[in-house]
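# Observations on the model geometry
Now for the letters of each chain:
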Amino acid sequence: MPGLLLGVMMMFTSCGENVEDHIIYGVGSIAFDKSTLSFHVGDAPVQLRATVGPENATYRTIVEWTTTDSAVAIVTPDEEVIYVSKEVEDSVKTDDGIVRPTGNKRTVTEVIVTAMVKPVGPGTATIIASREGKAASCAVTVE
C-alpha cells in the first residue's frame with residue numbers, strides 16, 4: 001500500500017500540478033462604499049458596492065445579501081462584478097508599533113460585488129453582505 005500511495009503522489013506531482021492551486025483562501029473582510037442610505041418611498045433603487053478582500057481570497061465574488069426588514073428595503077444582487085487594479089505601497093510594523101512605508105509598491109486587484117437596494121416602505125432596515133463569517137452593514141432609512 002505505501003508503494004501505491006507513493007506512485008499516486010509521484011504521478012500527481014509529475015503532471016505539473018501545483019499544491020498552491022488547490023488551497024482555498026478565506027475572505028478576510030467585506031466593506032461597503034456607503035455606511036448609510038436615505039430614501040423616500042418611491043425613490044429609484046441605489047447600487048451598493050461591497051469590496052471583498054484580501055486579494056488572494058478564493059471566493060470573493062460570492063456574497064450573501066440580506067435585509068433586516070423587507071417591508072422597508074429589499075436588496076437584489078446584481079450580476080455585476082467589478083475588478084479594480086490599484087497600486088499600493090507595502091508597509092512594515094516596527095518593534096515600537098509604528099507602521100512605516102517600505103517604498104515597495106505593488107499592484108493589487110480589488111473585487112467589488114454589487115447589489116441594488118430598493119425602498120419599499122417607511123422605517124429603518126440594515127442591508128448586510130456576508131461571506132465566511134465576515135460582514136458589512138449599511139443602515140437604510142426610508143421616509
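Our structure is the block above this text.
Residues numbered from 1 in each chain as written. Predicted model: local features only at pLDDT ≥ 70, side-chain atom pairs only at ≥ 80, totals over all residues. Heavy atoms only, no water.

## Quick notes on the overall build of the chain
In terms of regular secondary structure, the chain is built from one helix and eight strands. Relative to its full complement of 143 residues, the chain shows a buried share of 23%. Approximately 9100 Å² of the chain is accessible, and the part contributed by carbon and sulfur atoms is 55%. (Helix = DSSP H or I, 4+ residues; strand = E, 2+ residues; numbered from the N terminus. Buried < 20%, exposed > 50% of the residue type's maximum accessible area, 1.4 Å probe, protein only. Areas by Shrake-Rupley, 256 points an atom, 1.4 Å probe, with all protein chains shown as cover.)

## Things to note about unusual backbone geometry
Cis geometry marks the peptide bond from glycine 53 to proline 54, where omega comes out at 5°. Considering the arrangement of structural elements, one finds proline 54 in the loop between strand E3 (46–53) and strand E4 (64–67). The backbone of glutamate 132 shows a phi angle near 50°, a positive value even though the residue is not glycine. Its relative accessible area of 39% is what places glutamate 132 among the partly exposed residues.

## Notes on the sheet that holds strand E5 (residues 73–93)
Pairing within the open sheet is antiparallel, and its four strands lie in the order E1-E3-E6-E5. Both edges of this open sheet fall to strand E1 (29–32) and E5, since each of them pairs with a single strand only. Here the strands of the sheet are splayed against their neighbours by 25° on average, with no regard to which way each runs. Here seven bridges tie E3 to strand E6 (residues 99–119), and the two strands are oriented antiparallel to one another. (Pairing = 2+ DSSP bridges. Axes fitted to C-alpha atoms, helices over the stretch in contact; angles between N-to-C directions.)

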